[in-house]
Amino acid sequence: MARGRLRIYLGAAPGVGKTYAMLAEGQRLRARGADVVVGLVEPHGRRPTAAMADGLETMARRTLSHRGALFTEMDLDAVLARRPQVALVDELAHSNVPGARNAKRWQDVEELQDAGIDVVTTLNVQHLESLNDAVRQITGVAQRETLPDEVARRADQIELVDLPPEVLRRRMVHGDIYAPDRIESALTHYFRVGNLTALREIALLWLADRVEEGLQRYRAEHGIVAPWETRERILVSLSGGPEGETLIRRAARISARTPGTELLALHVVPEDRLADVDPAVLDAQRTLLESLGGSYHQTTGEDVVDALLQFAEAENVTQIVLGASRHGRLASLLRAGVGERTIKGSGPIDVHIVTHREAAGAAVLRLPHPSRGTGPRRYWAALVGAVVLLPVLTLLLTAVGGHLDLSSDLVIYLLAVVVVALVGGLCPALLAAIAAALLADYYFIAPVHSLAIARPDAITALVVFIATAALVGTAAGMAAQRTHQAVRATSEARALSRLAAAMMRGQDLTALVEQIRENFGLSAISLLERDPEASPVPRWYVVASAGERPPEKPYEADVESPVDDNLTLAARGSGLSTEDQRVLAACAAELALAHARGRIAGCSDGTDTFADAERTRASLLLAAGRDLRAPLHTAEEALVRLRRRRAGATLPEEAQWLDAAYAAVHRAAQLVTDLDDVSRLHAGALDLYLRPVDLNEMLGAALDDLGPGGHSVILRLPEQLPDVIADAALLTRALTALGADALRHSPPDRPPVVTAEVQVGHVRIRVEDGTPDRGPEPSPETSRAPGPRAGSLAVRLSRDLAEAMDGALETAAESTGFSVMLTLPSSAPGGSATSGRNE
């Protein structure tokens, strides 16, 4: 059976017309003869939307009960049994009521598609998981119902339902989106022009990326390699040289001139990976690129130009930024530069050649420097060997000059050039070849003891010798260089793998530091940690050390390899090469990981001990609660019966004693219940169902639970109080606990005051009584420490319940009394209270 198709109507905000467009599509499909049913639609009281559903078959909803309340959801089984061609399902990101088959509505849609049913649905961009944080930062409202981006990406069609912010606000004013009592608050907060514009841009950009993905698939399926200038994409070619920062900044300026331009950078690594590139330079350029909004890429290729052009074609690049060649004129005559070859092969892609400081000095003659492939020692050894070997060979050949001809002399000189190339690399080999040619001309080609050449065949032989010596020397030098680098890379990998293996075996830091000291031949080494609190003079501690007189401060070391601001590896010994220092930095990073792992293990041991103590304490509390609950219940019933039996015959003083005894027993039973709730909450055994609840109803239920107690409670609430996201039972429990605690501590002439304040995205409930939190006499050291009321069981239970509902609870003790501030997220943006009422 073919899988059903998914079509999504995407909107930037509520009210743009997504549900209306979905129903209109259903009417269009029905008119064309398709079998269409409405699986679920949420018109939200909007008459035009409800009218659009007229004539469409609507499936009955399934009723579910949760926590004593009834809810309706889509009847998935009924839709599957009906098996229509198309099902209309509203609000793809919706969370189903507990008890439904699937937790999310998009999972219901997946089942419909698996059954071969096409689905048309709606989605707001703020519900996409990847955009949740960005939307919260813009609007101040956290979306609790999110949809994985992959679900939306798999949709066969995504259509944007768009309205300008001004039109959407006008619809709001006319009452086409929200009820009249919510219009002013929505216009003031969530539906501000800035918020709607930002959400609209996010929706357009997200959809543009999906269109780009579809375009790339189409180009790949049809074999289209020529770039299509649907969007400007600028590619910077990074060679790893110092000119990279200049190129990145220049490309960023070009990109800034055209909105929506994408900036990329590519570094091509040769397949032999022997290019002389400093990783630190590339890391710095990558950081700069990402700070400017670009993306860094790296690929491997035998030829830089071919790899660059292949990447540009694959990414649909429209412009390439290259640096001017750093090669001299002679090198340019021998082979075309990267820029020239890129221009010839770029086709319709524009190529920018950017000048830089390094290019300006490229023609300056520089003396050969020691090869980094063979090292300075072998380089100078090869030069000294050439200086010694060539004169010695010349003396020997002069001594036996009558027995050898010119070709034999040149072959012997060629052997010397190969030996020099094997020792020192390319540069010494080329110098040796030129010197050998001059010696052969001076001593063995007529006229002798002169650089002049009389015979044409001798000129040919000498030119062939120089060319052969240069080629053979080059090949031998490159082979020696690659062998040396391969051996060095193997040694580095072996050293790092040995260190990693030692870490996995659980060796302590001292053994690891000693292994590093032996690998690099250092006399002493220390891992130092700085005390972040010590200032202005830093204080360093030795975490681990090895060798004689290890350095205790970074400035006492010959070589230092910092890991971060507070951790460094300091060593004494002979100077290390650049490559050795790079490997030492990698070892220092591994030591830092080992040090951090040791700290985590120590904290884990302490945490395990604390967790065991907490489990023991919780078990004792639960056992005590179970043992006390029955006796307290018995005592409470006995006191109730005694009060009823002695009613009217008890002296006033005895009646007061009975009332006090009953209140004390009832209070003790309530404490046992509170302890049980706290233990269950910490153990994760307390069920939690967050949904919009009416705060007025929750306050009324809490007052009912308090019962008649001889005290009044003052309520100061705004006229329009939005719903809060909470668990109804837990919120009532928290409000009851706070109210009972406030009543118990309030004097008769100063009843507790409950105040509600509406803020953006939150509602704050303040419970205040007229009794200060009298703790110990404050001192400068303890003035901010919480008093006994702040740590009471009622406050702690309410705080734990509030945090479980993604809220918060704060306490404050002032001269006028003790107050508790309960903060909960609201289900809709709210504003400040304008008027209130007292009860």
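For the structure, see preceding data.
Residues numbered from 1 in each chain as written. Predicted model: local features only at pLDDT ≥ 70, side-chain atom pairs only at ≥ 80, totals over all residues. Heavy atoms only, no water.

### Details of the overall build of the protein
Now for step 1: In terms of regular secondary structure, the protein is built from 25 helices and 25 strands.
Now for step 2: A burial count over the protein gives 40% of its 839 residues as buried.
Now for step 3: Sequence separation of 24 or more characterises 71% of the internal contacts of the protein that already satisfy a separation of 6 or more.
Now for step 4: Accessible surface, the protein as shown: approximately 44800 Å² in total, 56% of it carbon and sulfur. (Helix = DSSP H or I, 4+ residues; strand = E, 2+ residues; numbered from the N terminus. Buried < 20%, exposed > 50% of the residue type's maximum accessible area, 1.4 Å probe, protein only. Contact = heavy atoms within 4.5 Å. Areas by Shrake-Rupley, 256 points an atom, 1.4 Å probe, with all protein chains shown as cover.)

### Here we look at the packing of helix α17 (residues 406–424) against helix α18 (residues 426–444)
The packing of two helices is summarised by the inter-axis angle and the distance between the axes.
Now for step 1: Put simply, α17 and α18 touch, their axes get as near as 8 Å, and they point 160° apart. Taken together, the axes of α17 and α18 lie roughly antiparallel to each other. Remark: the crossing between α17 and α18 carries right-handed chirality. For the pair formed by α17 and α18, the contact residues are Leu406, Asp409, Leu410, Tyr413, Val417, Val420, Ala421 and Gly424 on the first element and Leu426, Pro428, Ala429, Ala432, Ala433, Ala436, Leu439, Ala440 and Phe444 on the second.
Now for step 2: Of the residues that constitute the contact of α17 with α18, the class distribution is 15 nonpolar, one polar and one charged. (Axes fitted to C-alpha atoms, helices over the stretch in contact; angles between N-to-C directions. Parallel < 35°, antiparallel > 145°, perpendicular 65-115°, else oblique. Left-handed = near helix turned anticlockwise from the far one by under 90°. Nonpolar A, V, L, I, M, F, W, Y, C, P; charged D, E, K, R; others polar.)

### Examining the pattern of salt bridges
Now for step 1: For the structure on display, the rule yields 20 salt bridges.
Now for step 2: Where Asp77 meets Arg101, a salt bridge forms, and the shortest distance between an N and an O atom there is 1.8 Å. One end of the pair, Asp77, is in helix α3 (residues 76–82); the other, Arg101, is in the loop between β6 (86–89) and α4 (105–114), with 24 residues separating them in the sequence.
Now for step 3: Judged by relative accessible area, Asp77 falls into the partly exposed class, the value being 42%.
Now for step 4: A relative accessible area of 44% places Arg101 in the partly exposed class.
Now for step 5: A salt bridge links Arg154 to Glu110; its shortest N-O distance comes to 2.5 Å. Pair noted here: Arg154 is in the loop between α6 (149–153) and β8 (157–161) and Glu110 is in helix α4, with a separation of 44 residues, a long-range link. (Salt bridge = Lys/Arg side-chain N within 4 Å of Asp/Glu carboxyl O.)

### Examining a nonpolar patch on the surface
Now for step 1: A grouping of Val384, Val387, Val388, Val392 and Leu396 is seen on the molecular surface, where their side chains present a nonpolar patch of about 450 Å² in accessible area.
Now for step 2: Considering the arrangement of structural elements, one finds Val388 in helix α16 (residues 376–399).
Now for step 3: You can call Val388 partly exposed: its relative accessible area is 49%. (Patch = residues over 30% accessible without salt bridge, like charges linked within 9 Å, V, L, I, M, F, W, Y side chains within 5 Å.)

### Overview of empty space enclosed by the protein
Now for step 1: Counted by the stated rule, this structure contains three cavities of 30 Å³ or more.
Now for step 2: Of the pockets and cavities examined, the largest cavity occupies roughly 130 Å³.
Now for step 3: Taken together, 14 residues line the largest cavity, and the ones lying closest to its centre are Leu703, Val713, Leu735, Gly739 and Val754.
Now for step 4: Broken down by secondary-structure element, the contributors of at least two residues to the lining of the largest cavity are α23 (695–706), α24 (728–745) and β22 (762–768).
Now for step 5: Partitioned by chemical class, the residues of the lining of the largest cavity number 13 nonpolar, one polar and no charged. (1 Å grid on protein atoms, 1.4 Å probe; cavity = no way out; pocket = protein on both sides within 12 Å on 5 of 7 lines; lining within 4 Å. Points joined across faces, edges and corners; volume = space filled by probe spheres on them.)

### Thoughts on helix α7 (residues 165–173)
Now for step 1: All of the buried residues along α7 are Pro165, Leu168 and Met172. The arc that holds the buried residues of α7, viewed along the axis, is 65°, so those residues lie on one side.
Now for step 2: The positive-phi residue at the C-terminal boundary of α7 is Gly175, with phi of around 80°. (Arc of directions from axis to C-beta.)

### Quick look at the packing of aromatic side chains
Now for step 1: Overall, the coordinates contain one aromatic pair when judged by the stated rule.
Now for step 2: With a centroid separation of 5.0 Å and 75° between ring planes, the pair formed by Tyr442 and Tyr443 is classed as edge-to-face.
Now for step 3: On the accessibility criterion, Tyr442 (31% relative accessible area) is partly exposed.
Now for step 4: On the basis of relative accessible area, Tyr443 is assigned to the partly exposed category, the value being 32%. (Phe/Tyr/Trp six-rings, centres within 6.5 Å; stacked < 30°, edge-to-face > 60°.)

### Quick notes on the sheet that holds strand β11 (residues 295–301)
Hydrogen bonds between backbone groups are what pair the strands of a sheet, and the pairing can be parallel or antiparallel.
Now for step 1: Here we have five strands laid out as an open sheet, ordered β11-β10-β9-β12-β13, and parallel in their pairing. Edge strands, defined here as strands with exactly one partner in the open sheet, are β11 and β13 (350–354). With direction set aside, neighbouring strand axes in the sheet form an average angle of 25°.
Now for step 2: Where strand β12 (residues 319–323) lies against β13, five bridges are found, and the strand directions are parallel. Residue pairing for β13: Ile320 is matched across the bridge by Val351.
Now for step 3: Here helix α11 (residues 279–291) sits on the sheet and contacts β9 (233–238), β10 (262–270) and β11; the angle it forms with β11, its principal contact strand, is near 140°. (Pairing = 2+ DSSP bridges.)

### Thoughts on the packing of helix α12 (residues 304–314) against helix α14 (residues 338–345)
Now for step 1: Orientation of α12 relative to α14, taken along the N-to-C sense of each, is 40°, at an axis distance of 10 Å. Regarding the angle of α12 to α14, the classification is oblique. When the axes of α12 and α14 are compared, the crossing they make is right-handed. Every residue of α14 that contacts α12 at Val305, Leu308 and Leu309 is listed here: Val338, Arg341, Thr342 and Gly345.
Now for step 2: Split by residue class, the contact of α12 with α14 holds four nonpolar, two polar and one charged.

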